[in-house]
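# Descriptive analysis of the structure
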Amino acid sequence: MPLKALIFDIDGTFANTEEAHREAFNRIFQKYHLGWDWTVPLYGKLLKVTGGKERIEHFVNTHHPEKAAGPWPDGLNLGEWAARLHREKTEIYLRLMEQGGIELRPGVRRLVDEARREGVALAISTTTSRVNVTGLLAKSMAANALDWFAAVGTGESAPIKKPHPGVYQWVVAQLGLKPEECLALEDSSNGLRSALGAGIPTLITPSEYTAQDDFTGALAQVSDLGEPGQPSKVLAAPAALGTLPKGHVDLAWLRALHTQAQGA
Ligand code: XBP
Ligand code: MG
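Described in the following lines is the structure provided in the data block. (Residues numbered from 1 in each chain as written. Chains lettered and ligands numbered in written order. Predicted model: local features only at pLDDT ≥ 70, side-chain atom pairs only at ≥ 80, totals over all residues. Heavy atoms only, no water.)

## Describing the pairing of strand E4 (residues 182-186)
Let me state the cut-off plainly: Burial classes follow relative accessibility: with a 1.4 Å probe on protein chains only, a residue under 20% of its type's maximum area counts as buried, one over 50% as exposed, and anything between as partly exposed. Each helix is a run of DSSP H or I of at least 4 residues and each strand a run of E of at least 2, with the numbering of both proceeding from the N terminus. Between any two strands, at least two bridges found by DSSP are needed for them to pair. Note on handedness: a crossover is taken as right-handed if, strands pointing away from the viewer, the path from the first strand over the helix to the second is clockwise.
In terms of residue burial, E4 counts as a mostly covered element, since five of its five residues are buried. Judged by which residues are buried, E4 turns out to be covered on both faces: Cys 182, Ala 184 and Glu 186 on one side and Leu 183 and Leu 185 on the other are all buried. Note that E4 and strand E5 (residues 202-204) share three bridges and pair parallel. Each bridged residue has a counterpart across the sheet, and for Glu 186 the counterpart in E5 is Ile 204. Viewed along the sheet, the connection from E4 through helix H8 (residues 189-197) into E5 turns out right-handed.

Written out as structure tokens, the structure reads:
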């Protein structure tokens, strides 16, 4: 079965966005004098819960359970308060992104361009909000880059977030393809479980926060997609694919990897 689509995760895979997300969460906590500080080690643990609103609720329930029942401003319950904080956090995140400082990971733009040239469909599957995806694509690729993606699955596309397979199932349905005709690119164990749950073979490019995750079941792991002159390191792969002929991940290598998955 030929490889017909590449489905990219965004946070951690397309770009190392989590430090900007963390900064945005902390700024909104400061604005409301909540006294919460999401340090790097704490955020690393909190990332096990995907979705910013869900992450805030989880944080209160586990770190400040005595406050969970409120009172919160304007008579809101915890879910509503977390949603308000998250909305404002998203505005801050978008401003941070607009100011620059979020770059695509190595090889992402190159592989997107190669897929477009070769008629391999492109899609996105993320738990973050759609505005964050459109903002990142416009800032880091091109004003019309969203149009290059045949399906854009976001936090709004499926009721339950990764590791639930819902968002990947939604994307595959939008593409009108079978899961085995696609290849997912992910950076986290939550993302991997989501893609595998939808039956999609998955390549891992671990990110700054996910290097220690469990990637059991992945087709292969590479340090990043690499660029000419900036080689990618194969961290785990089927024996025949343990080296990258060009030093970076290209469609030829991905097709070979995908073929390997069919035989597995
Ligand atoms: C990303 C997430 C998101 C981001 C923050 O996971 O879990 O919640 O951390 O974005 P994945 P939001 O890469 O697996 O999709 O605050 O917009 O949720
Ligand atoms: Mg991710």
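## Quick notes on the site of ligand 1
For clarity, the cut-off: Whether a residue is near a molecule or strand depends on its heavy atoms: if one lies within 4 Å, it is near. Polar contact criterion, stated in full: a pair of N or O atoms within 3.5 Å, where within protein one must be able to donate a hydrogen and the other to accept it, and residues adjacent in sequence count only if both atoms are side-chain atoms. Computed by Shrake-Rupley with a 1.4 Å probe, the accessible areas treat only the displayed protein chains as cover when residues are assessed. Of the two site types, the cavity is a set of points on a 1 Å grid over the protein atoms alone where a 1.4 Å probe fits but cannot get out, and the pocket is an open set with protein on both sides within 12 Å along at least five of seven lines, each lined by residues with an atom within 4 Å of a point. For this analysis, a molecule is said to be in a pocket or cavity if more than half of its atoms are within 2 Å of the grid points defining it. Just so you know the grouping, Ala, Val, Leu, Ile, Met, Phe, Trp, Tyr, Cys and Pro go in nonpolar, Asp, Glu, Lys and Arg go in charged, and all remaining residues, Gly too, go in polar.
If you check the shell around ligand 1, you find 20 residues, and the closest are Glu 18, Gly 52, His 86, Lys 89 and Thr 128. The separation between an oxygen atom of ligand 1 and a polar main-chain atom of Thr 127 is 2.9 Å. In the environment of ligand 1, an oxygen atom lies 3.4 Å from a nitrogen or oxygen atom belonging to the side chain of Asn 132. Protein burial of ligand 1: of its 440 Å² of free accessible surface, 97% is covered by the chains. Among the detected pockets, ligand 1 sits in the largest cavity. Broken down by element, the shell around ligand 1 gets its largest block of residues, three residues, from helix H1 (residues 18-31). For the shell around ligand 1, the per-class residue count stands at three nonpolar, eleven polar and six charged.

## Let's talk about the pattern of salt bridges
Where charged atoms from two side chains of opposite charge approach closely, those side chains can pair. Convention followed: A pair is scored as a salt bridge if a Lys or Arg side-chain nitrogen falls within 4 Å of a carboxyl oxygen belonging to Asp or Glu.
Per the counting criterion, the structure on display carries 15 salt bridges. Between Arg 27 and Glu 23 there is a salt bridge whose closest N-O contact spans 2.7 Å. With Arg 27 and Glu 23 both in helix H1 and four residues apart, this pair spans about one turn of that helix. Owing to a relative accessible area of 33%, Glu 23 belongs among the partly exposed residues under this scheme. Salt-bridge contacts for Lys 246 lead to Asp 250; the nearest nitrogen and oxygen are separated by 3.5 Å. Here the salt bridges share partners, and the residues they tie into one network are Asp 9, Lys 162 and Glu 186.

## Looking at empty space enclosed by the protein
Unfilled space is identified by rolling a water-sized probe across the atoms. What counts is decided by this rule: Grid points are joined across faces, edges and corners, and a volume is the space filled by probe spheres set on the points.
In the structure shown here, the tally under the stated rule is two cavities of 30 Å³ or more. Of the volumes computed, that of the largest cavity is approximately 410 Å³. Every residue lining the largest cavity is counted, 35 residues in all, and those nearest its centre are Asp 11, Glu 18, Leu 47, Arg 55 and Thr 127. At the level of secondary structure, the elements contributing two or more residues to the lining of the largest cavity comprise H1, helix H2 (40-46), helix H3 (52-63), helix H4 (78-98) and H8. Residues of the lining of the largest cavity, tallied by class, amount to four nonpolar, 19 polar and twelve charged.

## Quick word on the packing of aromatic side chains
The following threshold applies: Planes of paired rings set the category: under 30 degrees apart is stacked, over 60 is edge-to-face and the rest tilted, where pairs are Phe, Tyr or Trp rings (Trp by its six-membered ring) whose centres lie within 6.5 Å.
A full pass over the atoms with the stated rule returns 14 aromatic pairs. Ring-pair connections join several aromatic residues into one group, and the members of that group are Phe 25, Phe 29, Tyr 32, Trp 36, Trp 38, Tyr 43, Phe 59, Trp 72, Trp 81 and Tyr 209.

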